[in-house]
Amino acid sequence: MFCFVLFCHGSEAMKSMTSKMMELNLIILRMILESFGLGDHYESQAQNTTSAFRFMKYKAPPPSNINNALGLVPHTDKNTLTILCQNDVQGLEILTKQGKWVEVMVPKEAVMVFVGDALKAWSNGRLHAVTHRVMMSGDKERYSYALFALPKEEVVIEVPQEFIDKEHPLLYKPFNFAEYFTYFTSNIGEDALELYAGV
Ligand SMILES: O=C(O)CCC(=O)C(=O)O
Ligand SMILES: [Fe+2]
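Residues numbered from 1 in each chain as written. Chains lettered and ligands numbered in written order. Predicted model: local features only at pLDDT ≥ 70, side-chain atom pairs only at ≥ 80, totals over all residues. Heavy atoms only, no water.

Remarks on the UniProt feature "domain: Fe2OG dioxygenase" (unreviewed entry) in the protein
Rule in force here: UniProt positions are given in the numbering used here, feature names are shortened, and annotations may be inferred rather than shown by experiment. Here a helix means four or more residues in a row that DSSP labels H or I, a strand means two or more in a row labelled E, and each is numbered from the N terminus.
Cross-referencing UniProt, the feature "domain: Fe2OG dioxygenase" (unreviewed entry) maps to residues 48-151 in the present numbering. For residues 48-151, the helix share is 6%, the strand share is 47%, and the end-to-end C-alpha distance is 6 Å.

Dropping the structure here:
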């Protein structure tokens, strides 16, 4: 996979795209919070959020491996919410809780939204950060672009009291997102969140 991160000082089109995706991210965040009856957390959550934007290009697999080439390794996103757009070359797969990989057919003009580790932790595990990967087949390149909403550097992620009760004991200690991310980059593994912040 080839990818680069854009820090949007550049084109107006990019700036407008980023701000629309950020707007969508905030709408989704508000819907999630309201669905838990926690709409009053929206303002602080929104203020604590920043973003990164990334383009990705996946080459078509080599002829020797046309049906089954790994484009992007299995992972959970580390941030809060990801909004992903793609061209018409499918390839995204998610891992079910039963351990089965399932292809996701993203309809044209639809976007995918992923909950990342940061939001999983904040919600005390109520929201699931799904493991996903990209598998390439066929002879066309896949392009995708994503907005990664993430906590600002100084933000400490702390489970709100409303998410803690007898049936839902505290699962994650308060942690600084930037420090978690640094930890993850030198301890890459599926259970990074549990190891770093698990109670
Ligand atoms: O390019 C894709 O379809 C997936 C990208 C992704 O999961 C990521 O960058 O975290
Ligand atoms: Fe991802």
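Notes on the sheet that holds strand β6 (residues 101-103)
To keep it simple, the criterion reads: The pairing criterion for strands is at least two bridges between them, as found by DSSP. Every angle, taken between N-to-C directions, lies between 0 and 180 degrees, and every axis is a line fitted to C-alpha atoms, over only the stretch in contact when it is a helix.
Strand order in the open sheet formed by 4 strands is β3-β8-β5-β6, and the pairing between neighbours is antiparallel. At either margin of the open sheet sits one strand with a lone partner, and together these are β3 (69-75) and β6. With strand direction ignored, the average angle separating the axes of adjacent strands in the sheet is 25 degrees. Pairing geometry for strand β5 (residues 92-95) and β6, over 3 bridges, is antiparallel.

Quick look at helix α4 (residues 177-186)
The condition is simple: The buried label applies to any residue whose accessible area, calculated with a 1.4 Å probe on protein chains only, is under 20% of its type's maximum; exposed applies above 50%, and partly exposed to all values in between. Starting at the helix axis, one direction is taken to each C-beta atom, and the arc is that of these directions. By definition in these notes, contact holds between two residues if any of their heavy atoms fall within 4.5 Å. Counting of polar contacts relies on pairs of N or O atoms within 3.5 Å, with two restrictions inside protein: one atom must be capable of donating a hydrogen and the other of accepting it, and residues adjacent in sequence are counted only when both atoms are side-chain atoms.
Within the span of α4, buried status applies to F177, Y180 and F184. Axial view of α4: buried residues confined to an arc of 60 degrees, hence all on one face. Within α4, the exposed residues directed more than 90 degrees away from the buried face are T182 and S186. On its buried side, α4 packs onto α3 (117-122), β9 (142-151), β10 (156-157), β11 (175-176) and α5 (192-197). For α4, the N-terminal cap is N176; the gap from its side-chain oxygen to the backbone nitrogen of A178 is 3.1 Å.

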